[in-house]
Amino acid sequence: MMKYLTPILTTSKHHHLLKVITRCISSDHVDYQYLEKSNLPTNKFEKSLPSLPIPNLSESCERFLESMRAVIDDEDQFYDFKKKIQYFQGREGNFLHHELIRINQANKHTSYISEPWFDMYLSSRTPLPIHYNPFMAWKEDPSPEMNEPCIRAANFVISALRFRRSLMENVLTPEIFHMNAKKSNTDFYRKVMKMTPAAIAFYVSAAFQAFPLDMSQYSSLFNSTRIPMQSKDILQKFPDSKHILILNKGNFYTFDVLNSSGDLKSPEEIFSALKTVWESNDPHNTDSISILTTLDRDEWAKHRETLRKNPQNASSIDMIDSAILTVCLDSDIDMTKEKDPRLNHAHNFLHGCVKTDIPNRPLNRWFDKSFSMIFSKDKQCAINFEHSWGDGVAVLRFFNEVFNDSAKNKFVTPQTNQDKSITSQITRLNFSLDGQMKEAIKGCNIKYQEWTKTLGLDYVLYDKMDRNYFKKSKLSPDSMFQLAFQLAYYKISYGKTPVTYESSSTAAFKHGRTETIRSATMQTKKACFMIHTHKFNNDEIMQAIRECSTKHSELTKNAAMGKGFDRHFFAMKYLAMKKGKGIPKFYEDPNYLYANHFTLSTSTLHGECFSGGGFGPVVPDGFGLGYGFFGQSLGVFCSTYRQNRNGAEFLSALVDSLNQLGRIIESKTPA
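Cut-offs applied
Per chain, the residues get numbers from 1 upward, laid out in the order the sequence is written. At least 70 in pLDDT is required for a residue's local features to be given in this predicted model, at least 80 for side-chain atom pairs to be given and counted, and no such filter applies to totals for whole chains, interfaces and linings, which use all residues. Hydrogens and water molecules were not included; the side-chain quantities draw on all heavy atoms of the structure. Whether a residue is buried, partly exposed or exposed follows from its accessible area with a 1.4 Å probe, protein chains only, as a fraction of its type maximum: under 20%, in between, or over 50%, in that order. Per the convention used, a helix needs a DSSP run of H or I reaching at least four residues, while a strand needs a run of E reaching at least two, with both numbered from the N terminus. We treat two strands as partners when DSSP finds at least two bridges between them. Lines are fitted to the C-alpha atoms to define the axes, a helix being fitted only along its stretch in contact, and any angle between axes, read from their N-to-C directions, falls within 0 to 180 degrees. Contact between two residues is taken to exist if any of their heavy atoms lie within 4.5 Å; hydrogens are not considered. Pairing of aromatic rings covers Phe, Tyr and the six-membered ring of Trp, with a centre-to-centre limit of 6.5 Å; geometry is then stacked below 30 degrees between planes, edge-to-face above 60, and tilted otherwise. Consider the ring centre and the ring normal. A charge sits over the ring if Lys NZ or Arg CZ is within 6 Å of that centre and within 35 degrees of that normal. Here the expected length of a helix is defined as 1.5 Å per residue gap, with one fewer gap than residues. Angles below 35 degrees are treated as roughly parallel, those above 145 as roughly antiparallel, those between 65 and 115 as roughly perpendicular, and all remaining angles as oblique. The sense of a crossing depends on the near helix, which, turned anticlockwise from the far helix by less than a right angle, makes the crossing left-handed and, turned clockwise, makes it right-handed. In this classification, Asp, Glu, Lys and Arg are treated as charged, Ala, Val, Leu, Ile, Met, Phe, Trp, Tyr, Cys and Pro as nonpolar, and every other residue, Gly included, as polar. A pair of sulfur atoms, both from cysteines and within 2.5 Å, is called a disulfide here. This arc is taken over the directions from the axis of the helix to the C-beta atoms. Counting of polar contacts relies on pairs of N or O atoms within 3.5 Å, with two restrictions inside protein: one atom must be capable of donating a hydrogen and the other of accepting it, and residues adjacent in sequence are counted only when both atoms are side-chain atoms.

Moving on, we get to the pairing of strand S14 (residues 514–517). Burial along S14 is two-sided: Thr514 and Thr516 facing one way and Glu515 and Ile517 facing the other are all buried. Pairing analysis gives four bridges linking strand S13 (residues 500–505) to S14, with the strands arranged antiparallel. Each residue of the ladder has a partner; that of Ser505, found in S14, is Thr514.

Here it is, written out as structure tokens:
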């Protein structure tokens, strides 16, 4: 009991006394409050992180041309694009490039891409669900009884708050990429780094082949939200809030998970609050304002402004915005009897709109919050996160830490008692809605239902290959995924090579974000042709496959080291717009627009804690491909708009492609 002891007396004198007694009697109190207490401060490397380099303009132009050579089949068309990019390089591009360098040198505290990238996200008027917010689903807890929704939700909330406490007090272990963990992830390394001045810490760490990553995004994980505004949204933080937001059946509730001293309340209290909301007799809120977060951002901003004119609404919205984190309790979602529960869960986790026997079921999401943890009646759970504030590195660290901590510590178990008196500490948020607002909500619900019905989701688990399958043949596993995607598209599009996006992190640099890997290359184009035509022997095709792997590894390294070209061109365009001199004609060229029409949008989503994950297509006729290795299997999640693309057809072609690659790798006979 002492392990979870928290102050329960109300006077400040008694509160202080009990706090002192607790800490003297048991160090476990501190252990419960913190996920960890690292000897290396969380921000140890922030001052010394290198700046994200601005690539040489001529190299960016050359790389752009090389990538377009693979996707433009017409020689005259490609030659025209080449002339235009050379013209841009010698004139407007040259000016913008040097101006970008000048501004970057005056802002060493950040990266050249940080402001443009934030503005890109926040200026977009596109709805957040499907377009921007991805989901990642947790695998089940190894102990079956721990997967009961309220038990798991309570443990995840506790682990999340322990993570937050360590982060806020600068004792969360810095994120470090160890090239050789056996040599660098050691007590000796940590001892050396502890003594090293922060101003040179990155470079000393790099000498150990241990590369610290930027952690500036972590500050937006908690107590933050995106707020819709006309023309451009804002990100807002509320560092002093002590409550979490809980949604159930479209209703909103808050509960203080921290006491007046900022300490985490006991597991019994947190579990009891979640269980009470889960079991609430409150009916489905068919007038829930949650649906408004699915709107075009200008339209949502207009409705939000109208809502806030009422003081009660303004107060409730403030409580939503300022919550530490959001928990979505889908107490009415049970997919166990569905033909394919996995796909139904994917729809639920991605956009929250699923087929049920509940008439006019309200949306049980608030897509503007930095992240939401979702728990369904049939014991599935996931995270859905807003993307403007950060990228996969920060979310993935949080995702893994929450799973591992909750699986290890099990602060709440089936033996944990529910305290019914906790009801008095739970606040239901109320809204006063006039007839016009209710009609708007009704119309938005209908519109959202119609939109989400057009979204096709498909997946495949392929158990004939894992990561080691490719490594033993000295092939990059990621390059083989990408080659398989190219080959699958080749099959369904009569030999076409699609414009392809693969995300790469630039977190090795101060305030880095992402860079694009253009994984459709002349090498993949050549390999697809050779495999498809059946006119080449196995040795020739294997040589082509190895060339694909080598090229992809080169592109991946360049992207991670800030030597891609997409962010460079984007930053120059942003600078031209910011200066008000008009966008150079190059950016309006049909070939430039085509270059950024990503038919295949791909991102690696894998890890020991995953059961799946995905995101929507980025263009109407595109495929959204979340992929990775899950244990001994290779998995791909595919999203499409049904009226334009057939995801099942693509995945069928992908399986055929993987089978072909397997036969080529394993056999010495002609493919």
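Attention now moves to the sheet that holds strand S7 (residues 251–256). In space, the eight strands of this open sheet follow the order S11-S7-S6-S8-S9-S10-S1-S16, with mixed pairing throughout. Both outer strands of the open sheet, strand S11 (426–429) and strand S16 (610–614), are each paired with one neighbouring strand and no more. Here the average twist between neighbouring strands, direction ignored, is 25 degrees. Judged from the five bridges that link them, strand S9 (residues 371–376) and strand S10 (residues 381–385) form a sheet pairing that is antiparallel. Bridge pairing in S10 links Phe371 to Phe385. Where helix H11 (residues 267–278) meets the sheet, its contacts fall on strand S6 (243–248), S7, strand S8 (326–330), S9 and S11, and the angle it forms with S8 comes to roughly 45 degrees.

The geometry of an aromatic ring pair is captured by two quantities: the separation of the ring centres and the angle between the planes. According to the stated counting rule, one finds 46 aromatic pairs in the structure shown. Their ring planes at 35 degrees and their centres at 6.4 Å tell us that Phe485 and Phe650 sit as a pair that is tilted. Of this pair, Phe485 sits in helix H18 (residues 477–492) while Phe650 sits in helix H23 (residues 647–666), placing them 165 residues apart in sequence. Taken together, a centroid distance of 5.0 Å and an interplanar angle of 85 degrees make the contact between Tyr587 and Tyr592 edge-to-face. Of the two residues, Tyr587 and Tyr592, both sit in the buried class. Among the aromatic residues, those joined into a ring-pair cluster are Phe64, Phe81, Phe88, Phe565, Phe569, Phe586, Tyr587 and Tyr592. The ring of Phe78 carries the charged tip of Arg69 above its face, separated from the ring centre by 4.7 Å. Across the ring face of Phe118, the terminal group of Arg513 is positioned such that the distance to the ring centre comes to 5.0 Å.

Turning our eyes to something else, we now look at helix H15 (residues 392–409). Since one α-helical turn is 3.6 residues long, residues separated by three or four positions face the same way. A rise of 1.5 Å per residue sets the reference length of H15, with its 18 residues, at 26 Å; its end C-alpha atoms lie 25 Å apart and thus fit the reference within 8%. Here H15 has its buried residues at Ala394, Val395, Arg397, Phe398, Phe399, Val402, Phe403, Asp405, Ser406 and Ala407. The inward-facing, buried residues of H15 contact strand S1 (135–138), helix H7 (149–168), S9, S10 and S16. Where H15 terminates, the next one or two residues include Lys410, which has phi positive at roughly 50 degrees.

With that settled, the discussion passes to the packing of H18 against helix H20 (residues 538–560). Where H18 contacts H20, the axes come no closer than 9 Å and their chain directions differ by 115 degrees. The pairing of H18 with H20 is recorded here as roughly perpendicular in orientation. Here the hand of the crossing between H18 and H20 comes out right-handed. The segment H18 lies against H20, with Asp478, Ser479, Met480, Gln482 and Leu483 engaging Ile545, Cys548, Ser549 and His552. When the residues that make up the contact of H18 with H20 are grouped by side-chain class, the tally is four nonpolar, four polar and one charged.

Scanning the entire structure with this criterion turns up zero disulfides. Note on Cys353: no disulfide assigned, nearest cysteine sulfur contributed by Cys444 at a separation of 10 Å.

Turning to the packing of H18 against helix H19 (residues 522–533), a few remarks are in order. At their nearest, the axes of H18 and H19 sit 10 Å apart, and the two run at 55 degrees to each other. Our classification of the angle between H18 and H19 gives oblique. Here H18 and H19 pass one another in a crossing that is right-handed. Residues Leu483, Gln486, Leu487 and Tyr490 of H18 form the contact with H19, whose own contacting residues are Thr524, Ala527, Cys528, Phe529, Ile531 and His532. Residue composition of the contact of H18 with H19, grouped by class: seven nonpolar, three polar and no charged.

The subject of this paragraph is helix H4 (residues 75–90). Between its first and last C-alpha atoms H4 spans 23 Å; for 16 residues at 1.5 Å apiece the expected length is 22 Å, and the two agree. Along H4, the residues that are buried comprise Phe78, Phe81, Ile85 and Phe88. On an axial view of H4, the arc spanned by its buried residues comes to 85 degrees, and they lie on one face. Exposed positions of H4 whose direction lies more than 90 degrees from the buried face are Asp76, Tyr79 and Gly90. Residue Asp74 occupies the N-cap position of H4, its side-chain oxygen lying 3.0 Å from the main-chain nitrogen of Asp76.

In short, geometric facts, not functional conclusions.
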